[in-house]
Amino acid sequence: MAFIQRVPEDQASGGLAKDYRFLSDSYSHAAKTRVPTPQVYTTSSLLPDYFHFGAVQNGVLTHGGAHDRPFGALPTIMVNFATSMFSSCFY
């Protein structure tokens, strides 16, 4: 069975740990209870630049975790931008 290797939240350090904390805090604020970092973000934890972009995107879209994420095309567009920017893949 295939799997995606990830950096566990409790083993992250430096900027990666800071981004884990921010994402957890952001989702915890919206849920009004403690929430671990959603797994959709952790798939890129081995590539800190991608992971950081996910944290930045969440921060921009939620005003620093103060609001729920908006629905619509914008989040997808931002993910595509990150992929292009960090992969030198211009599409």
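The structure presented is a predicted model; accordingly, all values stated were derived computationally and were not measured.

**Student:** Even after reading the chapter, I still don't get the confidence of the model for the protein chain, so can you show me in this structure?
**Tutor:** It should be kept in mind that the predicted coordinates are not to be read in detail where pLDDT is low. Chain-level statistics for the protein chain give a pLDDT mean of 78 and a share of 69% at 70 or above. Taking the mean pLDDT of every element in the protein chain, the minimum, 60, falls on helix 4 (residues 74–87) and the maximum, 90, on helix 1 (residues 14–31).

**Student:** Help me out: how do you make sense of the nonpolar core in this one?
**Tutor:** It is characteristic of soluble globular proteins that their nonpolar side chains tend to be buried jointly. In this structure, Val7, Ala12, Leu16, Ala17, Tyr20, Leu23, Tyr41, Phe51 and Ala55 together form the largest nonpolar core, which totals nine residues. With four residues, helix 1 is the largest single contributor of residues to this core. Not counting residues up to four positions away in its chain, the partners in contact with leucine 23 are Thr37, Tyr41, Phe51, Gly54, Ala55 and Asn58.

**Student:** Is there a simple way to explain the side chain of threonine 37 in this structure?
**Tutor:** Here threonine 37 is to be found in the loop between helix 1 and helix 2 (39–42). Owing to a relative accessible area of 5%, threonine 37 belongs among the buried residues under this scheme. Among the polar contacts made by the side chain of threonine 37, one reaches the side chain of glutamate 9 at a distance of 3.1 Å. The residues contacting threonine 37, other than those within four sequence positions of it, are Glu9, Tyr20, Leu23, Ser24, Thr42 and Phe51.

**Student:** I would appreciate a short explanation of the pattern of salt bridges in the present structure.
**Tutor:** Where charged atoms from two side chains of opposite charge come close, those side chains can pair. Scanning the entire structure with this criterion turns up one salt bridge. A salt bridge links arginine 34 to aspartate 25; the nearest nitrogen and oxygen atoms lie 2.9 Å apart. Aspartate 25 sits in the partly exposed class, given a relative accessible area of 40%.

Reading guide: rules and limits
Residues numbered from 1 in each chain as written. Predicted model: local features only at pLDDT ≥ 70, side-chain atom pairs only at ≥ 80, totals over all residues. Heavy atoms only, no water. pLDDT = per-residue confidence, 0-100. Helix = DSSP H or I, 4+ residues; strand = E, 2+ residues; numbered from the N terminus. Core = buried A, V, L, I, M, F, W, Y, C linked by side-chain atoms within 4.5 Å. Buried < 20%, exposed > 50% of the residue type's maximum accessible area, 1.4 Å probe, protein only. Contact = heavy atoms within 4.5 Å. Polar contact = N/O pair within 3.5 Å; in protein donor to acceptor, adjacent residues only side chain to side chain. Salt bridge = Lys/Arg side-chain N within 4 Å of Asp/Glu carboxyl O.

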